[in-house]
Amino acid sequence: MTLPRRAVLGAGLAATAAALTGCGRSSASRAAWSEPLPTPSVLTPKAAEPPPYAGKVQPILTKYLKPTKDNPKHPGYAGAVALLSQDGKTQLTKAVGHALRYGAGPVELPASKRVAMRPDSIFDLASLTKVYTAILVLQLVDQGKVALDAPVQRYLPDFTGAGKEKITVAMLLAHTSALPVGAKVTRSSQWPAVMRTPLVSGGVPGTTFRYSSVGLMVLGRLVEKLTGKSLDKALRDNLTTPLGLKDTGFQPLKWVSDKQRLVATDARTSRGLLRGTVHDDVCNILGGVAGHAGVFGTARDVAVIGQMLLDGGAYNGKRILSAATVKKMLTNVNKGKPAIDAERPGRSADHGLGVEMNQPWFMGKLASATAFGHTGFTGTSLLVVPARRQVIVLLTNRAHPNWSWSNPDVHRVAVHNAIAG
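What this report covers is the structure whose coordinates are included nearby. What you see is a predicted model, and the numbers here were worked out from it, not measured in a lab.

**Thoughts on the pairing of strand 2 (residues 89-100)**
If a strand is regular, its side chains alternate between the two faces of the sheet.
Then comes step 1: Pairing of strand 1 (residues 79-86) with strand 2 involves 8 bridges; the strand directions are antiparallel. Within strand 2, the residue paired with Ala82 across the bridge is Lys94.
Then comes step 2: Sheet topology note: the strand 2/strand 5 (residues 115-116) ladder contains 2 bridges and is antiparallel. Considered in strand 5, the bridge of Leu100 is made with Val115.

Rendered as structure tokens:
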């Protein structure tokens, strides 16, 4: 369960955009962005023949719509969407259950007021946001504006505190910075509180894997400063627009016209029903835009991100990252380091620059030295298995109406094991 991580997070207000830089691309970046593109790969609507595991996934998705032996008090989730592609061909797309099943309280809604889940439903992606932020940071590396081994304070002088001068950009991406999981922010102290977050007691930067949302919050600020744009606009201009992702972004209430596509999360009385409002409390305080959480999107749009990385940084003829940078991103940079995670004591430190690697606790039998992806607190996950040329997206609303009702790793492992065969 994820109680300790959620327990350190807070609730509510708005973030400000950061300073301009105005510097152009270096010659190194021009070389990176002019490299040959791979054969264009575009996710197709569906494959001609369903894969052999398709019949196994549907019953698993449906199973968790009700209480199970290992979770007898509550359903695993109200609804889910699963998408699998292989070699850019969509093999499987399934939507089950409801995008909205409970009202504030929580109270279960009558059937007439529930909203069915759709393949194009838009989810709060939670910590999958970290992958998007990492990509934006690595674009700056490609452009020669950021060095991975440079101290973060070179770019963000307000990143202050004892021992933090030793933290590099790469450490934030690999979660070895010795920063804690969450930041203690309030309505009156937002980004300054994030930037002044102290190291964990006894923590030494660069030595130990310790999952930290604070690190990605800081990287979001780095993106803002070096692009001269707020993070939501940097995401739009540098990633979602080039990739043609029209159903991905922060603050979806501003851009989603069909509100029935929005998937609900929390429905407890402390914040009421959340639907189109970010579930993460710290991101909510920061205005709904931050480097660690806040991006919303569909299963297909998430799959495009996975396909782009699988294909070495390009998708549909558009280069997003250089192939060399993607190779660095998808290399385990934490070999031999210990891992500390009270919620998942069996996890390893294996991690790339912004992605989890070889983690059976959510990848199940598909875990391998090259498998990569990420999970989100709301019940979302992306898994890419290069050896099988597969991209697997599982989006659930297990935080609807209450995140403490179920453990999302159970659902992830079950689906991934069915696909593994």
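Let us keep going from here.
**Description of the sheet that holds strand 5**
Then comes step 1: Taken together, 7 strands build an open sheet; the order of strands is 5-2-1-14-13-12-11 and the sheet is antiparallel. The open sheet terminates on both sides in strands that have one partner only, identified here as strand 5 and strand 11 (356-357).
Then comes step 2: In this sheet, strand 14 (residues 390-396) lies alongside strand 1 in antiparallel orientation, the contact comprising 7 bridges. If you follow Gln86 over to strand 14, its bridge partner there is Gln390.
Then comes step 3: Seen against the sheet, helix 13 (residues 408-420) touches strand 1, strand 12 (372-376), strand 13 (380-385) and strand 14 and runs at an angle of roughly 150° to strand 14.

**Regarding empty space enclosed by the protein**
Then comes step 1: Tallied over the full model, the rule gives 4 cavities of 30 Å³ or more.
Then comes step 2: In this model, the second largest cavity occupies a volume close to 40 Å³.
Then comes step 3: In terms of residue class, the lining of the second largest cavity is made up of 5 nonpolar, 4 polar and 1 charged.

**Here we look at unusual backbone geometry**
Then comes step 1: Put simply, Gly105 and Pro106 share a cis peptide bond, and its omega is -5°.
Then comes step 2: Structurally, the position occupied by Pro106 is in the loop between strand 3 (102-103) and strand 4 (107-108).
Then comes step 3: A cis amide bond, omega 10°, links His400 with the succeeding residue Pro401.
Then comes step 4: Take Pro401: it is sitting in the loop between strand 14 and helix 13.
Then comes step 5: Phi angles above zero are rare outside glycine, and Gln251 is one such case at about 45°.
Then comes step 6: The residue Gln251 is located in the loop between strand 7 (249-250) and helix 9 (281-285) in this model.

**Comments concerning the layout of surface pockets**
Then comes step 1: Of the voids in this model, the second largest pocket is the one considered here, and its volume is about 160 Å³.
Then comes step 2: Lining the second largest pocket are 10 residues, and of these Pro180, Gly182, Ala183, Lys184 and Thr197 sit closest to its centre.
Then comes step 3: A breakdown of the residues in the lining of the second largest pocket according to their chemical character gives 7 nonpolar, 2 polar and 1 charged.

**Quick look at the packing of aromatic side chains**
Then comes step 1: Applying the stated rule across the entire model yields 4 aromatic pairs.
Then comes step 2: Above the plane of the ring of Phe159 lies Lys164, whose end atom (NZ or CZ) is 4.3 Å from the centre.
Then comes step 3: Here the basic side chain of Arg398 rests over the ring of Phe377, its NZ or CZ set 4.7 Å away from the ring centre.

**Quick look at the pattern of salt bridges**
Then comes step 1: The tally for this structure, following the rule as stated, stands at 18 salt bridges.
Then comes step 2: Among the salt bridges present, the one from Lys229 reaches Asp237, with a minimum N-O distance of 2.9 Å.
Then comes step 3: Using a relative accessible area of 27% as the deciding quantity, one classes Lys229 as partly exposed.
Then comes step 4: Looking at Asp237, the relative accessible area reads 30%, which means it is partly exposed.
Then comes step 5: Across the pair Arg412 and Asp409 runs a salt bridge whose closest N-O atoms are separated by 2.7 Å. You can see Arg412 and its partner Asp409 sitting in helix 13, 3 residues apart, about one turn around the helix.
Then comes step 6: For Arg412, a relative accessible area of 1% puts it in the buried group.
Then comes step 7: With relative accessibility at 9%, the residue Asp409 sits in the buried group.

Definitions and cut-offs
Residues numbered from 1 in each chain as written. Predicted model: local features only at pLDDT ≥ 70, side-chain atom pairs only at ≥ 80, totals over all residues. Heavy atoms only, no water. Pairing = 2+ DSSP bridges. Helix = DSSP H or I, 4+ residues; strand = E, 2+ residues; numbered from the N terminus. Contact = heavy atoms within 4.5 Å. Axes fitted to C-alpha atoms, helices over the stretch in contact; angles between N-to-C directions. 1 Å grid on protein atoms, 1.4 Å probe; cavity = no way out; pocket = protein on both sides within 12 Å on 5 of 7 lines; lining within 4 Å. Points joined across faces, edges and corners; volume = space filled by probe spheres on them. Nonpolar A, V, L, I, M, F, W, Y, C, P; charged D, E, K, R; others polar. Phe/Tyr/Trp six-rings, centres within 6.5 Å; stacked < 30°, edge-to-face > 60°. Lys NZ or Arg CZ within 6 Å of the ring centre and 35° of its normal. Salt bridge = Lys/Arg side-chain N within 4 Å of Asp/Glu carboxyl O. Buried < 20%, exposed > 50% of the residue type's maximum accessible area, 1.4 Å probe, protein only.

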